[in-house]
Amino acid sequence: MTFVITTPLYYVNDKPHLGSVYTTIICDSIARYKRLAGEDVIFITGVDEHGLKIQRTANEKGIEPKLHCDEISEVFNNNWKNWNISFDKFIRTSSKNHEFVVNEFYERVKASDDIYMGVQKGWYCVGCEEFKDNPENSSTYKCPIHQKNLEWKNEENLFFRLSKYQKEIEKIINDPTFIEPIERKNEIINFVSRGLKDFSISRTNVTWGIPVPGYDNHTFYVWFDALLGYVSAISSDETEHTLKKSINGGWPADVHFIGKDIMYFHTLFFPVMLSNANFKKPSGVFVHGFLTLDGERMSKSRGNFISADDFVSVLDPEYLRYYFASKLSTGVDDIDLNLEDLKQKVNADLVNKLVNIASRSANFLNKHFKNTLAKEVEDLDLINDFVHKSEDISHHYENLELNKAMREIMSLADKANQYIDKMEPWKLIKDEKNLELVHQICSTSLNLYRILMIMIEPVTPKLAEKSFTFLNEKPSWKCIKKPLLGHKINKFKPLLTRIEDEQINQLVELKNV
């Protein structure tokens, strides 16, 4: 059985920002945990390249939409590599293989007689690519998310009979495991209770999109097109790009991890589209809040914005990977990236607390014991307690509760440091009679560190890689239970440096550019 997890497919109207990084890091951490636990994984990410927003962005730059998409898609791909994102599939919705899958899917839906021609009238946000309520019915009314004027649309569109599936949708959204957290699920239930309207699946004023077969001047609505990217991604590396290849290759997805602004498309439109074509819905949709920066909405015009590539030019991605995981909200709250808090949390948790365990023990092993662990440990009960706690950590990863996992890991790191403080090997080593005891103490503390690094590896993979190079071991979740005894390790080298005030000042300057 393959575990399939997806990020949203990101708009390519601009380069990736830290909000996109947040979502992608969380998905990457879950994917890495699953692999560490021995599961097969397909981790899907990619870009949503069609629609009026992209068309206009390219026009403003004076280039063809395809050239714009090529440029920004490459930036996304390279950024995820810089952020150490271990994606398996990177789908572009402008690719031919995606177009083949969309057309094949459309023919299946069309055969059900749930598509008809109609007229779409209403106020439209180009940024959201979505029709919006306009209580003032005014051309100056702004989208609450993008703060840009809504535009009136009145055009011929193809429609999907969503209203026909009212009862089926009610059943889908009441599935206890389909929508998380519960607060978002209740929002969706309340929305559906007011009655569903049919939704348009084509546009006539957008040339940058996949043409609808048999209808001149119609391209598929970006949300009909883009949602199928999760399906087409599965067969994107195949020589034959078919719906069957994708469905048989791993569908349905186990988790869609998405922002709250796109939850209606993923929890209502998509599962019904799939049901209509006789395919299974995704097993779960996890909806998270927005990311703010220093307490304010991220905005270039307000001077409160840091791009993904600017951040990694100043700080190691590991710092923000840990920070985001530790701050992940499993409720409805947005999370805030406060740069001063980032510095304090990383320095306190990763440097002073976690890495400190290794450095305190490794220096003794290098100087007195030829970098070899003792054949017995001083406190096997403490090691077994850490092993037992790994089951709780595993439970948190399985439930997407990275914040709880990080909190428990740091609590265990406190216990490891307290153990070293209590045993005081720096005093014992002064008497040669205590050499073997010191050897066993240091071997105990390094075994504790090893367990902690296996636990946190999905979130801080680079730190873990350095640590396991030093420990001379290849990690897996299963090997947590067996301590390293009489094991040769490599010479310890510094694993992580502190975040300095100067680096925070650099980021402050970048966000104000």
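The paragraphs below set out a description of the structure included in this document. (Residues numbered from 1 in each chain as written. Predicted model: local features only at pLDDT ≥ 70, side-chain atom pairs only at ≥ 80, totals over all residues. Heavy atoms only, no water.)

Remarks on the overall build of the protein
No. 1: Assigned secondary structure in the protein consists of 19 helices and 16 strands.
No. 2: When the backbone C-alpha atoms are referred to their principal axes, the protein occupies close to 90 × 50 × 45 Å.
No. 3: Nonlocal contacts in the protein, meaning residues at least 24 apart in sequence, comprise 76% of its contacts between residues at least 6 apart.
No. 4: Accessible surface, the protein: about 22000 Å² in total, of which carbon and sulfur atoms supply 47%.
No. 5: Each charge class in the protein can be summarised by its mean position, and for the 65 positive and 73 negative side chains these summaries are 2 Å apart. (Helix = DSSP H or I, 4+ residues; strand = E, 2+ residues; numbered from the N terminus. Contact = heavy atoms within 4.5 Å. Areas by Shrake-Rupley, 256 points an atom, 1.4 Å probe, with all protein chains shown as cover. Lys, Arg positive; Asp, Glu negative; His and termini not counted. Charge placed at Lys NZ, Arg CZ, Asp CG, Glu CD.)

Some words on the pattern of salt bridges
No. 1: Inspection of the entire model under this criterion finds 28 salt bridges.
No. 2: Its salt-bridge partner being Asp-28, residue Arg-321 comes within 2.6 Å of it at the nearest N-O pair. Here Arg-321 is found in helix α12 (residues 317–327), whereas its partner Asp-28 is found in helix α1 (residues 18–36), with 293 residues between them in sequence. Exposure class is identical for Arg-321 and Asp-28. Each is buried. (Salt bridge = Lys/Arg side-chain N within 4 Å of Asp/Glu carboxyl O. Buried < 20%, exposed > 50% of the residue type's maximum accessible area, 1.4 Å probe, protein only.)

What to know about the pairing of strand β12 (residues 255–259)
No. 1: When you tally the buried positions in β12, you get five out of five residues, the bulk of the element.
No. 2: Across two bridges, the pairing between strand β1 (residues 2–6) and β12 is parallel. Considered in β12, the bridge of Thr-6 is made with His-256.
No. 3: For β12 and strand β13 (residues 285–288), the ladder comprises four bridges, and the chain directions are parallel. Within the sheet, the bridge partner assigned to Ile-258 lies in β13 and is Val-287. (Pairing = 2+ DSSP bridges.)

Details of helix α4 (residues 96–110)
No. 1: Between its terminal C-alpha atoms α4 stretches 21 Å, which fits the 21 Å expected from 15 residues at 1.5 Å a residue.
No. 2: Every buried residue of α4 is listed here: Asn-97, His-98, Glu-99, Val-101, Val-102, Phe-105, Tyr-106 and Val-109. (Expected span 1.5 Å × (residues − 1).)

Points about helix α17 (residues 435–456)
No. 1: Look at α17: 32 Å from first C-alpha to last across 22 residues, which is about the 32 Å you get at 1.5 Å a residue.
No. 2: Within α17, 19 of the 22 residues are buried, leaving the element largely enclosed by the surrounding structure.

Some remarks on the packing of aromatic side chains
No. 1: Tallied over the full model, the rule gives 25 aromatic pairs.
No. 2: With 5.4 Å between their ring centres and 70° between their planes, Trp-123 and Trp-152 make a pair best called edge-to-face. Here Trp-123, found in strand β5 (residues 115–125), pairs with Trp-152, found in strand β7 (residues 151–160); they are 29 residues apart in sequence, far enough to count as distant.
No. 3: With a relative accessible area of 13%, Trp-123 lands in the buried category.
No. 4: Judged by relative accessible area, Trp-152 falls into the partly exposed class, the value being 47%.
No. 5: Ring-pair connections join several aromatic residues into one group, and the members of that group are Phe-160, Tyr-165, Phe-199, Trp-223, Phe-265 and Phe-269. (Phe/Tyr/Trp six-rings, centres within 6.5 Å; stacked < 30°, edge-to-face > 60°.)

What to know about the sheet that holds strand β9 (residues 199–200)
No. 1: The strand order β6-β5-β7-β9 describes an open sheet built from four strands, whose pairing is antiparallel. The open sheet terminates on both sides in strands that have one partner only, identified here as β6 (130–132) and β9.
No. 2: The sheet contact formed by β7 and β9 spans two bridges and is antiparallel. Paired with Phe-159 across the strands is Ser-200, a residue of β9.

Here's the deal with the sheet that holds strand β15 (residues 296–297)
No. 1: The strand order across the open sheet built from three strands is β15-β14-β16, with neighbouring strands paired in mixed fashion. At either end of the open sheet lies a strand with only one pairing partner, and these are β15 and β16 (335–337).
No. 2: Running at roughly 155° to β16, α12 makes contact with β14 (291–293) and β16 of the sheet. (Axes fitted to C-alpha atoms, helices over the stretch in contact; angles between N-to-C directions.)

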